[in-house]
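In case you want the letters, here they are:
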Amino acid sequence: MRLVVTGGGTGGHVYPAIEVALAARDQGADVEYLGSRRGQEKSICGKVNLPIRTYGSEPVYRLHTIRGMKSLLNLLRSSGEAKRDLEKIRPDVIFATGGYSAAPVLNAARKLRIPVVLHEQNSVPGRTILLASRSAQTVCTVFHASAQHFPKGKVQRTGMPIRKAMRESAQGRLLLDAGAMKAAPLVLVMGGSQGSAALNDHALGTALRMASTEVQWLHLTGLSHFESTMNSLQKMGIRSDYTIKAYVEGDEMASAMFNASVALCRSGAGTMAELAAFRKPSVLVPYPAAFNDHQRINAEEFVNLGAAEIIAQKDLDPARIESRVLSWLNDSDRVEAAQKALAEWDVPDAVPQILGMIKSAAGR
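Since the model is a prediction, treat every value here as computed from it, not as a measurement.

Undergrad: Teacher, can you tell me more about empty space enclosed by the protein here?
TA: Empty space left among the atoms is revealed by rolling a probe the size of a water molecule over them. Summed over the entire model, instances satisfying the criterion amount to one cavity of 30 Å³ or more. Taken as a whole, the largest cavity encloses approximately 40 Å³ of empty space. What lines the largest cavity is simply R157, G159, M160, R167, A273, W345, D346 and V347. In terms of residue class, the lining of the largest cavity is built from four nonpolar, one polar and three charged.

Undergrad: What am I meant to see in the packing of helix α11 (residues 294-305) against helix α13 (residues 332-345) here?
TA: Packed helices, taken two at a time, are described by the angle between their axes plus the distance between the axes. Close contact between α11 and α13 brings their axes to 9 Å; oriented N to C, the two are set at 125°. Taken together, α11 and α13 sit at an angle that is classed as oblique. Together, E301, F302 and L305 of α11 and A341, L342 and W345 of α13 make up the contact between the two elements. When the residues that make up the contact of α11 with α13 are grouped by side-chain class, the tally is five nonpolar, no polar and one charged.

Undergrad: Which parts of the structure should I look at to understand the nonpolar core?
TA: Inside soluble globular proteins, nonpolar side chains tend to come together where they are buried. Grouped together as the largest cluster of nonpolar side chains are 58 residues, with contacts concentrated most on L188, Y242 and F302. The dominant element in this core, judged by the number of residues it contributes, is helix α10 (residues 269-277), at six residues. With residues up to four places along the chain from it excluded, the contact list for L188 reads L218, L220, M253, A256, M257, A260, V262, A263 and L264. Judged by nonpolar contacts, the second largest core, of 27 residues, contains V5, V31, F95 and V351.

Undergrad: Before we go on, may I ask you to explain helix α7 (residues 197-209) in this structure?
TA: Structurally, the α-helix is built with 3.6 residues per turn, so residues lying three or four positions apart point the same way. A rise of 1.5 Å per residue sets the reference length of α7, with its 13 residues, at 18 Å; its end C-alpha atoms lie 19 Å apart and thus fit the reference within 8%. Burial in α7 covers these residues: L199, N200, A203, L204, G205, T206 and A207. The elements touched by buried residues of α7 are β8 (186-190), β9 (216-220), α8 (226-236), β10 (242-245), β11 (262-265) and α12 (318-329).

Undergrad: Just to check I follow, could you spell out the sheet that holds strand β2 (residues 30-36) for this structure?
TA: As a general point, the strands of a sheet are linked pairwise by backbone hydrogen bonds and lie either parallel or antiparallel. Strand order in this open sheet of seven strands is β3-β2-β1-β4-β5-β6-β7, and the pairing throughout is parallel. Two strands close off the open sheet at either side, each with one partner strand: β3 (52-55) and β7 (155-157). Between one strand axis and the next, the sheet turns through 20° on average, direction left out of account. Where strand β6 (residues 138-141) lies against β7, three bridges are found, and the strand directions are parallel. Among the inter-strand pairings, T141 is bridged to a residue of β7, identified as R157.

Undergrad: Would you take a moment to explain the packing of aromatic side chains for this structure?
TA: Two descriptors summarise a pair of aromatic rings, namely the distance from one centre to the other and the angle between the planes of the rings. Per the stated rule, a full pass over the model turns up three aromatic pairs. Pairing F302 with W345 gives two aromatic rings, centres 4.9 Å apart and planes at 85°, and the pair type is edge-to-face. Pair noted here: F302 is in helix α11 and W345 is in helix α13, with a separation of 43 residues, a long-range link. Its relative accessible area of 0% is what places F302 among the buried residues. Overall, the relative accessible area of 4% leaves W345 in the buried class.

Undergrad: Help me understand the pairing of β3, please; the structure alone is not making it clear to me.
TA: In regular strands, side chains alternate between the two faces of the sheet. By the bridge criterion, four bridges tie β2 to β3 in an arrangement that is parallel. Paired with Y33 across the two strands is I52, which belongs to β3. Note on the crossover from β2 through helix α2 (residues 41-47) to β3: the handedness is right-handed.

Undergrad: Even after reading the chapter, I still don't get the environment of H13, so can you show me in this structure?
TA: Following the sequence through the fold, H13 ends up in helix α1 (residues 11-26). On the accessibility criterion, H13 (18% relative accessible area) is buried. Put simply, H13 and G270 are 257 residues apart on the chain and 9.4 Å apart in space, counted from C-alpha to C-alpha. Not counting residues up to four positions away in its chain, the partners in contact with H13 are G7, G8, T97, G98, G99 and Q121. A polar side-chain atom of H13 sits 3.0 Å from a polar atom in the side chain of Q121.

Undergrad: Sorry if this is basic, but what is going on with the packing of helix α6 (residues 164-173) against helix α9 (residues 250-259) here?
TA: The contact between α6 and α9 brings their axes to 10 Å, and the two run at 40°. One element, α6, and the other, α9, form an angle in the oblique class. α9 is crossed by α6, and the crossing has right-handed handedness. Where α6 approaches α9, its residues M166, S169 and R173 are matched on the opposing element by G250, D251, M253, A254, S255, M257 and F258.

Undergrad: How do you make sense of the pairing of β9 when you look at a structure like this?
TA: Burial analysis of β9 places four of its five residues in the buried class, which makes it a mostly covered element. When β8 meets β9, the two strands line up parallel, connected through five bridges. Looking at β9, one finds that L186 is bridged to Q216. Pairing geometry for β9 and β10, over four bridges, is parallel. Counted as the bridge partner of H219 is I244 from β10. Crossover β9 to β10 through α8 is right-handed.

Reading the values: the criteria
- The written sequence of each chain sets the order in which its residues are numbered from 1.
- This being a predicted model, a pLDDT of at least 70 is required before a residue's local features are given, and a value of 80 or more before pairs of side-chain atoms are given or counted; all residues contribute to the totals for chains, interfaces and linings.
- Neither water nor hydrogens contribute to the side-chain values; these are computed over all heavy atoms in the structure.
- Computed over the protein atoms alone on a 1 Å grid, cavities are sets of points where a 1.4 Å probe fits but cannot get out and pockets are open sets with protein on both sides within 12 Å along at least five of seven lines; a residue lines them when it has an atom within 4 Å of a point.
- Grid points are joined across faces, edges and corners, and a volume is the space filled by probe spheres set on the points.
- Just so you know the grouping, Ala, Val, Leu, Ile, Met, Phe, Trp, Tyr, Cys and Pro go in nonpolar, Asp, Glu, Lys and Arg go in charged, and all remaining residues, Gly too, go in polar.
- Interaxial angle, 0 to 180 degrees, is taken between N-to-C directions of lines fitted to C-alpha atoms, where a helix line uses only the stretch in contact.
- Each helix is a run of DSSP H or I of at least 4 residues and each strand a run of E of at least 2, with the numbering of both proceeding from the N terminus.
- Orientation labels follow simple angle bins: below 35 degrees gives roughly parallel, above 145 gives roughly antiparallel, 65 to 115 gives roughly perpendicular, and whatever is left gives oblique.
- The criterion used for residue contact is that any of the two residues' heavy atoms lie within 4.5 Å.
- As used here, the term nonpolar core means buried Ala, Val, Leu, Ile, Met, Phe, Trp, Tyr and Cys residues forming a set that is joined through side-chain atoms within 4.5 Å.
- For every residue, the accessible area obtained with a 1.4 Å probe (protein chains only) is divided by the maximum for its type, and the residue is called buried under 20%, exposed over 50%, and partly exposed between those limits.
- Each residue after the first adds 1.5 Å to the expected span of a helix.
- Strand pairing is assigned whenever DSSP identifies at least 2 bridges connecting the two strands.
- Ring pairs are drawn from Phe, Tyr and Trp, using the six-membered ring of Trp, whenever the two centres fall within 6.5 Å, and their geometry is named by plane angle: stacked under 30 degrees, edge-to-face over 60, tilted for the rest.
- Crossover handedness is defined by viewing with both strands directed away from the observer: a clockwise path from the first strand over the helix to the second marks the crossover as right-handed.
- N or O atoms closer than or at 3.5 Å make up a polar contact, with two conditions inside protein: a donor-capable atom paired with an acceptor-capable one, and, for residues adjacent in sequence, both atoms drawn from side chains.
- Helix crossings are classified by the rotation of the near helix relative to the far one: an anticlockwise turn of less than a right angle makes the crossing left-handed, while a clockwise turn makes it right-handed.

In C-alpha cells, the structure reads:
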C-alpha cells in the first residue's frame, strides 16, 4: 500500500499523523509525508526517518488584507505543487489530520480522486477537515461532540493516536497496584507544549495558599516560561516539595501522569487523550484564543463525564484553584467514578482502528 500522510503546522496535528504513519510503515506500507515548510512536521519527520515533501502553505488569513491575499496565492501554488507530487507518488490513499499544511494536499487529492481518510482531534473541526469531509471516505474522531459537524454515515469514533510509548506505558502501569500508599498526593501542572503564563502564575499562588496541606507539585512550565517561573518560585519562598521543569518526555512524562492525583492543565486534544489513557481527573483551563473556542468544548465533554472541572482563564485565582484541586483530593469515590468514566471514553486501539479505515479506503 502506498500511503501519503499529511497534516500539521502545529504538533497537535503532526504527532497523531506520525503515529499512524509509523504504524503503517511497520506493517510494510510505503509511506511519505506531505506538509508545510513552516510547520513542525519536517523536524519531526527527520527524527523518525520518514520521507517528507514540503510546500509554502501557510494559514489563510482574512482575504480582504494583503497578507490574506498572499496566503491564498500560496495555497493555490502549493496545491499545484502537491498535485504534481501526488501524480508521481500515485498513493492508494491519503490520511490527513488537518491544519494549513494539509489543505493543499487535500485540494490536490480531490482533483485527482484519491481516496481520503480524515482525523479530527478536537470537538470542533478546523476549516481544512470540515471542507475535506464532503468528499472523504471516512472521518475519524476523538470527541463525541464532533460528530454533529460531519456528513452522517462518514464518522467513526476511533480515538486519539497518542504516542506509542505513552500508550504502552499507560496500559502497563494500569496493571500495577495503583492503590499503593504514596508520600503525598501529586498535583501535575501543565500549560501545553508552549506553556501558559497565566497558569504558571496562578499555580504558584495556589501552592503558597496550600502550604499547610500535604501535597506535592510537579509544574511543567514550557521552555520559554521556565526561568521566569523559577524566579517567582524563589521569590515567593514556596517549600521544597514544589518541582519545576521546563518539560519532560518519554517515560518521565508517563511517570508524571501515572503518579499524579489530579492535573491542572489546558484542554487540548492531545493532553485530554493522555489524561484519559492514565485515568486522571483534572481541573481544566481552556485556552481562550483556541479556534472556535474548541478547548472549552473539549473540556465540557470531560465535565459531562464527571471527570473534570473547568475554570475559565479570566476567572483564575489561587483560591478557586485550591477549592477545585481539594475537591478531587478529598473525595475518593468521585475520583473512582471519574476513572471509570475515562476508561469508557478512552480508545486504547486508536491506531489499529485508523489503519483499518485507511486500508478499507485503499481497497486493501
